[in-house]
Amino acid sequence: MLSKAQIKYIQSLQHKKNRQKSSQYVAEGDKIVQELLQAGMPVKGVYATADWLEQHCSLVDRMPAGTVTEVDAAVLKQLSSLTTPNRAMALLDMPVPANPLPAAGTVALALEAIQDPGNMGTLIRIADWFGIPQIICSPDCVDVYNPKTIQATMGSMIRVRIAEYDIRELLQQTKLPSFAATLHGKNIATFPAIKEGIILIGNEGRGLTEDVTALATHRITIPRIGGAESLNAAVAAGIICGRLLI
């Protein structure tokens, strides 16, 4: 059984300032918690319903004593930031920040001022899908440990390294080619597949800033055939990755 203090602490992690202060975050979702345990992630606590624990007893039994707590649906609703809570959630320490400078011979995704948690989670899933090992987020991006972001990653969070860094400084310091997604770039279909580089995706409404675009090696665009004004940031990233990485 969870104490009132434990419930209050887990609830507090819905807020960024408390996550930063404690260096801990919560991952919600039946599938996400299952993947965390299967991957052997250093989970500090699991809070789940009796039926979920029974269904995943082979994973739960590996956990150290005292780290698994059975809770009912009412308690999970108290702990959850979601309108419809799942049957399981996990408490984790934030990983040590990754080196923001991508290594030679790798591809990274650099995000500037992404604001929507769902978009951020989808971008992390896209990176995982295409085997991109690292994402660099500008300081004004939405917190990657936001519960809605974690939920949207569907477990991909554990396979992608994430760093926070000024994108302009990143481009000034790296020797890798960079590809800025813009509305007025060169047709992406004319580019060959890449083995290394940084793919730059900007804010949902404004796109990339002029400063970042000016520093990019290449400006790329997805040709528009219909009448839509723009593409969702995550959709654009998926199309670009599909063209440049395959």
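Below, the structure is looked at part by part. (Residues numbered from 1 in each chain as written. Predicted model: local features only at pLDDT ≥ 70, side-chain atom pairs only at ≥ 80, totals over all residues. Heavy atoms only, no water.)

It is worth spelling out the layout of surface pockets at this point. As a volume, the largest pocket reaches approximately 790 Å³. Lining the largest pocket are 29 residues, and of these Ala-181, Thr-182, Leu-183, Ser-230 and Leu-231 sit closest to its centre. For the lining of the largest pocket, the element with the most residues is strand 8 (residues 178–187), which contributes 4 residues. Split into classes, the residues belonging to the lining of the largest pocket amount to 12 nonpolar, 11 polar and 6 charged. Its boundaries defined by the atoms lining it, the second largest pocket holds a volume of some 630 Å³. For the second largest pocket, the lining is made up of 28 residues, of which Pro-95, Pro-97, Val-144, Tyr-145 and Ile-162 are closest to its centre. Sorting the residues of the lining of the second largest pocket by element identifies helix 2 (16–22), strand 4 (88–93) and strand 7 (161–164) as the ones contributing at least two each. By residue number, the principal contributor to the lining of the second largest pocket is strand 7, which donates 4 residues. Counted by class, the lining of the second largest pocket contains 20 nonpolar, 2 polar and 6 charged residues. (1 Å grid on protein atoms, 1.4 Å probe; cavity = no way out; pocket = protein on both sides within 12 Å on 5 of 7 lines; lining within 4 Å. Points joined across faces, edges and corners; volume = space filled by probe spheres on them. Helix = DSSP H or I, 4+ residues; strand = E, 2+ residues; numbered from the N terminus. Nonpolar A, V, L, I, M, F, W, Y, C, P; charged D, E, K, R; others polar.)

Running from amino to carboxyl end, helix 7 (residues 117–129) crosses helix 11 (residues 233–244) at an angle of 10°, the nearest separation of the two axes being 9 Å. Viewed along their axes, helix 7 and helix 11 adopt a mutual orientation that is roughly parallel. Contacts between helix 7 and helix 11 pair Asn-119, Thr-122, Leu-123 and Ile-126 from the former with Ala-233, Ala-234, Ala-237, Gly-238 and Cys-241 from the latter. Counted by class, the contact of helix 7 with helix 11 contains 6 nonpolar, 3 polar and no charged residues. (Axes fitted to C-alpha atoms, helices over the stretch in contact; angles between N-to-C directions. Parallel < 35°, antiparallel > 145°, perpendicular 65-115°, else oblique. Contact = heavy atoms within 4.5 Å.)

Bringing empty space enclosed by the protein into the picture now. Scanning the model with the defined rule gives 2 cavities of 30 Å³ or more in all. When its volume is computed, the largest cavity comes out at roughly 50 Å³. If you go around the largest cavity, the residues you meet are Ile-10, Leu-13, Gln-14, Val-26, Glu-28, Leu-79, Met-89, Tyr-145 and Pro-147. In terms of residue class, the lining of the largest cavity is built from 7 nonpolar, 1 polar and 1 charged. Roughly 40 Å³ of internal volume is contained in the second largest cavity. Lining the second largest cavity, in full, are Tyr-25, Ala-27, Ile-32, Leu-36, Ile-150, Thr-153, Gly-155, Met-157 and Ile-158.

Here the focus is the sheet that holds strand 5 (residues 107–111). Spatially, 7-6-5-9-8-10 is the arrangement adopted by the 6 strands of the open sheet, whose pairing is parallel. The outermost strands of the open sheet, each flanked by one partner alone, are strand 7 and strand 10 (218–221). Looking at each pair of strands side by side, their axes are set apart by 35° on average, direction ignored. Against the sheet, helix 7 makes contact with strand 5, strand 6 (134–137) and strand 7, and its axis sits at roughly 150° relative to strand 6, the strand it touches most. (Pairing = 2+ DSSP bridges.)

For the rest of this paragraph, the subject is the environment of Ile-240. Along the chain, Ile-240 turns up in helix 11. For Ile-240, a relative accessible area of 2% gives the class buried. For the pair Ile-240 and Thr-221, spaced 19 residues apart in sequence, the C-alpha separation works out to 8.5 Å. Beyond its immediate stretch of four places on either side in the chain, Ile-240 contacts Ala-181, Ile-188, Ile-199, Ile-201, Ile-220 and Ile-222. (Buried < 20%, exposed > 50% of the residue type's maximum accessible area, 1.4 Å probe, protein only.)

Below, the discussion takes up the packing of aromatic side chains. Aromatic rings in a pair are described by how distant their centres are and how their planes are angled relative to each other. With the rule as written, the count across this model stands at 2 aromatic pairs. Where Tyr-25 meets Tyr-145, the ring centres are 4.6 Å apart and the plane angle is 45°; that geometry is what we call tilted. Pair noted here: Tyr-25 is in strand 1 (residues 24–28) and Tyr-145 is in the loop between strand 6 and helix 8 (147–153), with a separation of 120 residues, a long-range link. In this structure, Tyr-25 and Tyr-145 share a single accessibility class: buried. Centre to centre, the rings of Phe-179 and Phe-191 are 6.1 Å apart; their planes meet at 80°, and the pair counts as edge-to-face. Placement of the pair is Phe-179 in strand 8 and Phe-191 in the loop between strand 8 and strand 9 (197–201), with a sequence separation of 12 residues. Lys-186 extends its terminal NZ or CZ atom over the ring of Phe-191, reaching a point 5.5 Å from the ring centre. (Phe/Tyr/Trp six-rings, centres within 6.5 Å; stacked < 30°, edge-to-face > 60°. Lys NZ or Arg CZ within 6 Å of the ring centre and 35° of its normal.)

Counting buried positions along strand 1 yields 5 of 5 residues, so the element is predominantly enclosed. Side chains Gln-24, Val-26 and Glu-28 of strand 1 all project onto a buried face; the interleaved residues Tyr-25 and Ala-27 project onto the opposite face, where all are buried too. Pairing of strand 1 with strand 4, which is carried by 5 bridges, proceeds in the antiparallel orientation. Of the residues in strand 4, the one forming a bridge with Tyr-25 is Leu-92.

Read these as layout, nothing more, since geometry by itself doesn't imply function.
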